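Listed here are the chains, written in short residue letters.
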Amino acid sequence: MIRSLLLTSLFSSAALAQPSLKAVLADASLLKEAGVRVLRTESLTGVGYAQITPDQETKLSRLAHAHGKCGGFEALPLEGVHELNPLVTNVFGQIADQELKNRRFVSSSHAFLSMTENPAITAAVGEVSEDQLRQTVKTLSSFNDRTYNGSRPNEGIQAMRARIEEVLKGATLPVEIEYVQHKGIKQNSIRARIVGSTRPSEIVVLGGHLDSINQEWFGNGQAPGADDNASGSSNILEALRILSHQKQPERTIEFFWYAGEEGGLLGSSEIAQTYKSQKKDVIGALQLDMTLFAGTGQFVLGSMTDFTSAWLRSYFESLNTLYIKAKIVNDKCGYGCSDHASWNRQGYPTLMPFEATFKDMNHNIHTSSDVVDSKSNFTHSAMFAKIAVAYAMDLSNSTLREP
Ligand code: BES
Ligand code: ZN
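Sequence order as written defines residue numbering, which begins from 1 separately in each chain. By the order in which they are written, chains take letters starting at A while ligands take numbers starting at 1. Local features are withheld for residues below a pLDDT of 70 in this predicted model, meaning they are given only at 70 or higher, and side-chain atom pairs are given and counted only at 80 or more; totals for whole chains, interfaces and linings count all residues. Note: side-chain values were computed over all heavy atoms of the structure, leaving out hydrogens and water.

S.K.: Can you lay out the pairing of strand β9 (residues 281-287) for me, pointing to particular residues and giving the numbers?
M.R.: In terms of residue burial, β9 counts as a mostly covered element, since six of its seven residues are buried. By the bridge criterion, six bridges tie strand β7 (residues 199-209) to β9 in an arrangement that is parallel. Across the sheet, Ile 203 pairs through a bridge with Val 282, a residue of β9. Pairing between strands requires that DSSP locate at least two bridges from one strand to the other. Secondary structure is summarised from DSSP: a helix means a run of H or I of at least four residues, a strand means a run of E of at least two, and numbering begins at the N terminus for each. Relative to strand β12 (residues 350-351), β9 runs parallel, the two being bridged by two bridges. Bridge pairing in β12 links Leu 286 to Leu 351. When a residue's accessible area, from a 1.4 Å probe over protein chains only, is under 20% of the maximum for its type it is buried; when over 50% it is exposed; and in between it is partly exposed.

Given below as structure tokens:
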């Protein structure tokens, strides 16, 4: 309410636009450490808003890398926008709303979910095939790149669609497959759907980004993106393969391979905004981005606690106890580091299990060396396909939702 007052009174204070400045969200203390002036801080989460020069961007990325992070910030599509502009206020409001929802959940009795084992899920989890994962990752990483703004933005996307169709030959349920075209970029996302039997309007989402990027200074431009993110993409497909010959779920399940994540969550933010404006009822969105490098150990995974839902994380812990039995280490990106942030921004519950803790992650990503090699661990990656299977099968036959 205070927000809407600000909204009207500050509407005119926009843009002293300096075109070389990038509007970003990042951990406020990281920004300060990089010598960047923090224009506004979201007090509940410590997320800061700043406008950075290319020099500061380099500094911030280096510092983030030194802390074991990736780029260290999320670029907003707001050129030179004043920190009190309603657009910034709106993003801050969305971040605060999610944080408050999580705090309410943690302090309520809902925090304890009891769940009993379903033998059909145990059997389905057991069907995950490392060979299938390897084949998909090999196919995707064989292209020069899968960049959203490269010369062939849809080459790898078409290959993935062909691979999806091939893998679904043994399906007993009907699966709808389609490209999702975007306004802002030429690369398409892919969506596959298994329609729910009794509550089709309730949607369980799982996804990962299909695009890749090379960020080497004097590199050859190759971006095989085996770990980032052919791996997560292969896990989502493996879950689809297995679910496509199960009993029809009560809720609809949607599988996404997003475009343009590396350009700033471009595909997923359009999709999540569209879903929100169409009032679609997304029960949860699982994001798999990087699952091939067992940096903290083969049975250990990182779980991002920022831009994710405390309810879905607690639900995931119950699933893990029954079906996966991994060690879960909570960690943070410190910024919206992947497509889950797009869904979270629109108020939908999200979850992001990750290959390792942040500091132990694969440091070859965004280079020509992100390939299948002796460090690629398909047993580790298979754990994430199992998570996707258990999550999709259980949640799509449940009446649970975020309180
Ligand atoms: N896979 C990375 C994100 C990531 C890295 C998550 C390390 C968890 C740990 C993702 O594809 C990526 O590179 N994201 C960008 C940000 C995005 C908004 C462009 C990044 O982290 O720089
Ligand atoms: Zn990346």
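Picking up after the structure, the text goes on.
S.K.: How would you sum up the state of the cysteines? Please name residues and give values.
M.R.: The term disulfide is used for any two cysteine sulfur atoms that are within 2.5 Å. Tallying each qualifying case throughout the model produces one disulfide. The disulfide partner of Cys 333 is Cys 337, and the gap between their sulfur atoms is 2.1 Å. Where Cys 333 bonds to Cys 337 through sulfur, the torsion about that S-S bond is close to 55 degrees, and the disulfide is right-handed.

S.K.: Outline the side chain of Ser 303, supporting the account with residue identities and numerical values.
M.R.: For Ser 303, the location among the structural elements is in strand β10 (residues 300-304). Excluding residues within four positions of it along the chain, Ser 303 makes contact with Arg 313, Ile 328, Val 329, Asn 330, Asp 331, Met 352 and Pro 353. Any pair of residues with heavy atoms lying within 4.5 Å of one another is described as a contacting pair.

S.K.: Can you break down the coordination of the zinc ion (ligand 2) residue by residue, with the values?
M.R.: Bound to the zinc ion (ligand 2) on the protein side are Asp 228 (OD), Glu 262 (OE), Glu 262 (OE) and His 366 (NE2), at distances that span 2.0 to 2.7 Å. The donor definition counts N, O and S atoms within 2.8 Å of each metal and applies 3.2 Å to Na, K and Ca; water is not among these atoms, so some sites may look incomplete. Each label reflects the angles at the metal, where four donors whose angles all fall between 85 and 135 degrees are tetrahedral, four or six donors whose opposite pairs open beyond 155 degrees and whose other angles stay between 65 and 115 are square planar or octahedral respectively, and the rest are irregular. For the zinc ion (ligand 2), the six donor atoms in the first shell make angles of 52 to 157 degrees at the metal, a pattern classed as irregular. Here the donor residues for the zinc ion (ligand 2) map to a single chain with the spacing D-x33-E-x103-H. Separated by 104 residues along the polypeptide, Glu 262 in the loop between β8 (251-258) and α9 (266-277) and His 366 in the loop between β13 (353-354) and α12 (378-395) bring together distant segments of the chain. Here Glu 262 matches His 366 in class, with each residue buried.

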